[in-house]
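Descriptive analysis of the structure
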Amino acid sequence: MTTTESIERTQEFAGKRALVTGGTRGIGASVVRHLLDAGAEVLTTARSETSTLPQGATFVKADVGTHSGVEALASAAQEKLGGIDIVVHNAGGARPYEGVTAIPDEEWQGALDLNYLAAVRLDALLAPGMRERRSGAIIHVSSAAVLTPLAPYLHYTAAKAALENYSKGLALELAPFGIRVNTVSPGRTATPGGEETRKEWAEMSARTGGGSALTQADDSTPLGRDGLPEDIAQAVLFLVSDRASWLTASNLVVDGGEFPRG
Ligand SMILES: NC(=O)c1ccc[n+]([C@@H]2O[C@H](COP(=O)([O-])OP(=O)(O)OC[C@H]3O[C@@H](n4cnc5c(N)ncnc54)[C@H](OP(=O)(O)O)[C@@H]3O)[C@@H](O)[C@H]2O)c1
């Protein structure tokens, strides 16, 4: 790459206003950092502000698993940035349970609110502005685990499966307005949330003595390592950039080859 090309690449998102949910750690923090480095203005949110919030990002404390949190976030986006060009719905996750029937009703609702409905609600508030400007890029962060629904996490993978289906429908609706909508599905990625939930799963497996539905999956990938937040962020950055201008309604699985599919 020539020097001119690399300078152009670092300015790739100059003038763009981005909103990334869950940007204080893990995958979200890496996406925020890369967007800032490439010249974007970035607003991010979490339930608590931490020292791992990337420097230069504007922070709004909000719980996107609630109606009021989503509304507060959309208002802040308008007040602080005057609108949004790029949205990355990244906040998500769930804790494991000892089988599908052990998942309490409120956890099903919580998983749907955070991993699916948060995106539906926020998109409904931000899409009108994008439609008016006839441009925009939306990313929904799902999970490669949708491909192997596992009993301890079924509330989570079912919500992410709904998110993927919704994402494709939204892409078709918004395509005539020049707005692109894509999904990124990470495999096992080394983040604080990912490590914590896998530890809880391992402890649960040991406690219950295993059994096919509850035993933790093999932790290897064909590429021989877990993903890094950076690996997922690079896929997100590509999909929201003009380099992906003919890509919409797609789902990019970034999993080191763990779940090959056609
Ligand atoms: N890591 C993996 O192995 C993996 C694999 C597949 C898919 N994913 C997906 O990738 C995304 C990011 O995962 P991660 O591993 O980077 O997670 P993480 O390390 O747990 O970070 C999650 C971020 O989201 C915020 N957050 C969580 N709940 C929130 C809420 N209700 N409202 C607002 N912010 C909230 C957290 O801050 P607060 O806690 O302060 O709110 C934090 O900033 C998630 O959608 C996850 O499902 C991850």
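Preceding this paragraph is the structure being described.
One structure accompanies this document, and this report is about it. (Residues numbered from 1 in each chain as written. Predicted model: local features only at pLDDT ≥ 70, side-chain atom pairs only at ≥ 80, totals over all residues. Heavy atoms only, no water.)

**Remarks on helix H3 (residues 67-81)**
Taking 1.5 Å per residue as the helical rise, H3 with its 15 residues ought to reach 21 Å, and the 21 Å between its terminal C-alpha atoms agrees with that figure. The set of residues buried in H3 consists of Gly69, Val70, Leu73, Ala74, Ala76, Ala77 and Leu81. Seen from one end, H3 has its buried residues packed into an arc of 160 degrees, which puts them on one side. In H3, the exposed residues that point more than 90 degrees away from the buried face are Ser68 and Glu79. On the buried face of H3, the contacting elements are strand S1 (17-21), strand S2 (41-46), strand S3 (58-61) and helix H4 (105-133). (Helix = DSSP H or I, 4+ residues; strand = E, 2+ residues; numbered from the N terminus. Expected span 1.5 Å × (residues − 1). Buried < 20%, exposed > 50% of the residue type's maximum accessible area, 1.4 Å probe, protein only. Arc of directions from axis to C-beta. Contact = heavy atoms within 4.5 Å.)

**Observations regarding the environment of Val87**
With respect to the secondary-structure elements, Val87 resides in strand S4 (residues 86-89). Separated by 35 residues in the primary sequence, Val87 and Leu122 place their C-alpha atoms 9.3 Å from one another. Discounting chain neighbours no more than four positions away, the residues touching Val87 are Leu19, Leu122, Leu126, Met130, Ala137, Ile138 and Ile139.

**Here's the deal with the site of the ligand**
With respect to spatial proximity, 32 residues lie near the ligand, and among them Thr24, Asp63, Asn90, Tyr156 and Thr191 are the closest. In the model, a nitrogen atom of the ligand is placed 2.9 Å from a nitrogen or oxygen of the Val64 main chain. The backbone of Gly193 places a nitrogen or oxygen atom 2.9 Å from an oxygen atom of the ligand. Summarising the interface, the protein chains cover 93% of the accessible area of the ligand, which totals 890 Å² for the free molecule. Only helix H2 (26-37), helix H5 (154-174) and helix H6 (192-208) provide two or more residues apiece to the shell around the ligand. (Near = heavy atom within 4 Å. Polar contact = N/O pair within 3.5 Å; in protein donor to acceptor, adjacent residues only side chain to side chain. Areas by Shrake-Rupley, 256 points an atom, 1.4 Å probe, with all protein chains shown as cover.)

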